[in-house]
Each structure stands twice: as structure tokens, then as C-alpha cells.
Amino acid sequence: MGTDAGVYKVNTQGEVVLHLSSEGGDSFEGALGNNLVWEVFVDRYDDIWIATDGGGLSLYRQQLGKLRTYKHNQNNPLSPESNVVRYITEDAIGDIWIS
């Protein structure tokens, strides 16, 4: 679940089994860009996409236990247009769309 303190994954007993936040790493590898999370989306590969308010788009690869954050970079036309991401979805062929 997304909160203003990052993302929490909770098991069926209500115990926190994963907490992702902006603390404990840099905002590229190992940490969210911002703790305020608008949306959490799990794709067909069981990867977790995280939309943040000003911290870009984060991707947690559950099988690898790796977190990476993508932010706007004016020198990279393939980077997100903005660091504010509100919605994430996946189309029929597996492409991820963000807004």
C-alpha cells in the first residue's frame, strides 16, 4: 500500500514484510525519490511500479530485491517528462504507461 511514508507490503496476518522509502539509499538505487506515494501497480511479472509526488517513478523488482527510481533528466529524452507521477497502467502487450 502506498502512503506518505513510502510503500508497505503486508502479509495476510497484517505483518509488514517489505517497506520501501526514501531513506537508506540514494534516489536512484535503493530508495524511493519521495515518500509520498500516489499509486502502486503490480505488473504481469510481479514487479512493483511506484508513482510518487515529485520523486519520479520507482520500480521494485521483487524477484531480485532491487529498487530503482527514474527521474526527469533534461539530457535524456527517454526519461519521464515530470517527477510527479500519479497513475500507472499496463496495456495488453505489457507496455507500462504513466501519467
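Parameters at a glance
- Residues numbered from 1 in each chain as written.
- Predicted model: local features only at pLDDT ≥ 70, side-chain atom pairs only at ≥ 80, totals over all residues.
- Heavy atoms only, no water.
- Helix = DSSP H or I, 4+ residues; strand = E, 2+ residues; numbered from the N terminus.
- Buried < 20%, exposed > 50% of the residue type's maximum accessible area, 1.4 Å probe, protein only.
- Salt bridge = Lys/Arg side-chain N within 4 Å of Asp/Glu carboxyl O.
- Pairing = 2+ DSSP bridges.
- pLDDT = per-residue confidence, 0-100.
- Axes fitted to C-alpha atoms, helices over the stretch in contact; angles between N-to-C directions.

Q: Run through unusual backbone geometry, naming residues and quoting values.
A: For Asp46, which is not glycine, the phi torsion reads 70 degrees and is therefore positive. Here Asp46 shows up in the loop between strand S4 (37-42) and strand S5 (48-52). On the basis of relative accessibility, which here comes to 42%, the residue Asp46 falls in the partly exposed class.

Q: I'd like a rundown of the pattern of salt bridges, residues and numbers included.
A: For the structure shown, the criterion picks out 2 salt bridges. In this structure, Glu90 engages Arg44 in a salt bridge whose closest nitrogen and oxygen atoms are separated by 2.7 Å. Of the two residues, Glu90 sits in strand S8 (residues 88-90) while Arg44 sits in the loop between S4 and S5, which places them 46 residues apart along the sequence. According to the relative accessible area criterion, Glu90 is buried, its value standing at 19%. On the basis of relative accessible area, Arg44 is assigned to the partly exposed category, the value being 47%. The shortest N-O distance in the salt bridge between Asp47 and Arg61 comes to 2.8 Å. Within this pair, whereas Asp47 is found in the loop between S4 and S5, its partner Arg61 is found in strand S6 (residues 57-61), the two being separated by 14 residues in sequence. The partly exposed category is assigned to Arg61, whose relative accessible area is 37%.

Q: Could you give an account of the sheet that holds strand S3 (residues 16-20), naming the residues involved and the relevant values?
A: The 3 strands are arranged S1-S2-S3 in an open sheet whose pairing can be described as antiparallel. Only two strands of the sheet have a single neighbouring strand rather than two, namely strand S1 (2-3) and S3. Looking at chain direction, S1 and strand S2 (residues 6-10) are connected through 2 bridges and run antiparallel. When the sheet's bridge partners are listed, Thr3 is paired in S2 with Gly6.

Q: Can you explain the confidence of the model for the protein chain? Please cite residues and give values.
A: Overall, the predicted model of the protein chain reaches an average pLDDT of 90, with 94% of residues at or above 70. Element-level pLDDT for the protein chain is lowest in S1, with a mean of 86, against a maximum mean of 97 in S8.

Q: Provide a residue-level description of the sheet that holds S6, including the pertinent values.
A: With antiparallel pairing, 4 strands are arranged side by side in an open sheet as S4-S5-S6-S7. Both outer strands of the open sheet, S4 and strand S7 (66-70), are each paired with one neighbouring strand and no more. The mean angle between the axes of side-by-side strands here comes to 20 degrees, regardless of whether they run parallel or antiparallel.

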